[in-house]
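Overview (structure and organization)
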Amino acid sequence: MYSTQLPQARGRVLSSSEIHKSQSGSGDLESCLLQIYHHHHQNSLTLRDQTEKAKKDAIKKAGRVSDLLVDAVNGGVQETFMNEKRIELEIRALTATVGRFMKQTDQWLAASHAINTAVKEIGDFENWMKSMDFDCKSINTAIRNIHQQ
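Residues numbered from 1 in each chain as written. Predicted model: local features only at pLDDT ≥ 70, side-chain atom pairs only at ≥ 80, totals over all residues. Heavy atoms only, no water.

The name given to the chain in an unreviewed UniProt entry is Biogenesis of lysosome-related organelles complex 1 subunit 1, with the source organism recorded as Herrania umbratica. Per UniProt, the comment on the chain under Sequence similarities (unreviewed entry) is "Belongs to the BLOC1S1 family." (UniProt positions renumbered as here; feature names shortened; annotations may be inferred.)

Printed below as a string of structure tokens:
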């Protein structure tokens, strides 16, 4: 998880007079080295904490971007799904309406056929009546002619 390499320590170069002073007292050298070590260790821990915070922040932001992308895509998919459902409902309603219109059209055709048949029958009856009228007039004329003779 963590890199085994630690960042290089930043230190200062000792001057020759400081080197002589430090050589004269080995206790000073040890304390100086310990101080450098502790300073280096403290800087490493601080850098590690900063790196970990940056990593967590980057992961959090990447998750947020991912969520936003998923929401954007899902929003379009959801809208398309809702439109599809609305279209299906409209198709069902239109199918029912077309069925009703077909039945109504069939009824109108049957009614118009019945009216047409009735008109034909009235025409036939009228012709029959004319024929009967002509026959009656012919019979009447024949009876008058017989009666006048």
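Along its length, the chain carries two helices and zero strands. Per-residue burial over the chain gives 3% buried out of 149 residues. Carbon and sulfur atoms make up 61% of the accessible area of the chain, which amounts to about 13800 Å² in all. (Helix = DSSP H or I, 4+ residues; strand = E, 2+ residues; numbered from the N terminus. Buried < 20%, exposed > 50% of the residue type's maximum accessible area, 1.4 Å probe, protein only. Areas by Shrake-Rupley, 256 points an atom, 1.4 Å probe, with all protein chains shown as cover.)

Before going further, it helps to examine the pattern of salt bridges. Across all of its chains, the model carries four salt bridges by this definition. Here Lys85 and Glu88 are joined by a salt bridge, their closest N and O atoms 3.9 Å apart. In this pair, Lys85 and Glu88 both sit in helix H2 (residues 26–148), three residues apart, roughly one turn of the helix. On the accessibility criterion, Lys85 (38% relative accessible area) is partly exposed. A salt bridge links Glu126 to Lys130, with the shortest nitrogen-to-oxygen separation between them at 3.8 Å. Within this pair, Glu126 and its partner Lys130 are both found in helix H2, separated by four residues, close to a single helical turn. (Salt bridge = Lys/Arg side-chain N within 4 Å of Asp/Glu carboxyl O.)

A contiguous nonpolar patch, built from Phe125, Trp128, Met129 and Met132 and spanning about 410 Å² of accessible area, is present on the exposed surface. Within the secondary structure, Met132 sits in helix H2. For Met132, a relative accessible area of 34% puts it in the partly exposed group. (Patch = residues over 30% accessible without salt bridge, like charges linked within 9 Å, V, L, I, M, F, W, Y side chains within 5 Å.)

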